[in-house]
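Coordinates in review
Spelled out from the first residue to the last, the chains are:
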Amino acid sequence: MKPELSSPADVFAPLRDAASAIARNFGLAADVQQISPEHWQRVLAAVEDRMRMRGIEMPEDWRDELADQMGRLDGAATTGPES
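This report concerns the structure included in the present document. Keep in mind that this is a model prediction, so the values were computed, not measured.

So, how was this worked out
- Residues numbered from 1 in each chain as written.
- Predicted model: local features only at pLDDT ≥ 70, side-chain atom pairs only at ≥ 80, totals over all residues.
- Heavy atoms only, no water.
- Helix = DSSP H or I, 4+ residues; strand = E, 2+ residues; numbered from the N terminus.
- Expected span 1.5 Å × (residues − 1).
- Buried < 20%, exposed > 50% of the residue type's maximum accessible area, 1.4 Å probe, protein only.
- Core = buried A, V, L, I, M, F, W, Y, C linked by side-chain atoms within 4.5 Å.
- Contact = heavy atoms within 4.5 Å.
- Salt bridge = Lys/Arg side-chain N within 4 Å of Asp/Glu carboxyl O.
- Arc of directions from axis to C-beta.

Its 17 residues give helix H2 (residues 37-53) an end-to-end C-alpha distance of 24 Å, which sits within 8% of 24 Å, the value for a rise of 1.5 Å per residue. Turning to H2, its buried residues are Trp40, Gln41, Val43, Leu44, Ala46, Val47, Glu48 and Met51. At the C-terminal side of H2, Gly55 shows a positive phi close to 80°.

Dropping the structure here:
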């Protein structure tokens, strides 16, 4: 059974937590706002993989919204297909 999330704020809490944890696990000492666009893409890909493994459906335009919520000035800066 997939976890049900009750509000838009709840949807992004696990994504924000995952992005921060993944950046630390990758050894990126800087705040998520300050890592390079290339490293941010790696974080986004890992967030997507982690959420899929947990059965959490990603909201539409989640990359841009997560970037905004994490204080990324460059947005998602996606180079690949949007998920």
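Now that the structure has been shown, we can carry on.
What follows covers the nonpolar core. The biggest cluster of nonpolar side chains holds 22 residues, and the ones touching the most others in it are Leu15, Trp40, Val43, Val47, Met51, Trp62 and Leu66. Going through the elements one at a time, helix H1 (8-25), H2 and helix H3 (62-69) are the ones with two or more residues in this core. If you tally residues by element for this core, the top one is H1, at seven residues. Ignoring any residue separated from it by four or fewer positions in sequence, one finds Leu66 in contact with Phe12, Leu15, Arg16, Ala19, Trp40, Leu44 and Val47.

Summed over all chains, the structure comprises two salt bridges. Of the charged contacts in the structure, one is a salt bridge between Glu48 and Arg63, with a shortest N-O distance of 2.9 Å. One end of the pair, Glu48, is in helix H2; the other, Arg63, is in helix H3, and 15 residues separate them in sequence. Grouping residues by exposure puts Glu48 and Arg63 together as buried. Three or more residues joined by partner-sharing salt bridges are found here, namely Glu48, Arg52 and Arg63.

Let us look at unusual backbone geometry. Excluding glycine, a negative phi dihedral is what most residues carry, and trans is how most peptide bonds are arranged. Positive phi is not limited to glycine here, since Asp61 has a value of about 60°. Within the fold, Asp61 resides in the loop between H2 and H3.

It is worth spelling out H3 at this point. Buried within H3 we find Trp62, Arg63, Leu66 and Ala67. Viewed end-on, H3 has its buried residues packed into an arc of 130°, placing them on one side of the element. Once H3 finishes, Gly71 follows within two positions and takes phi at roughly 80°, a positive value.

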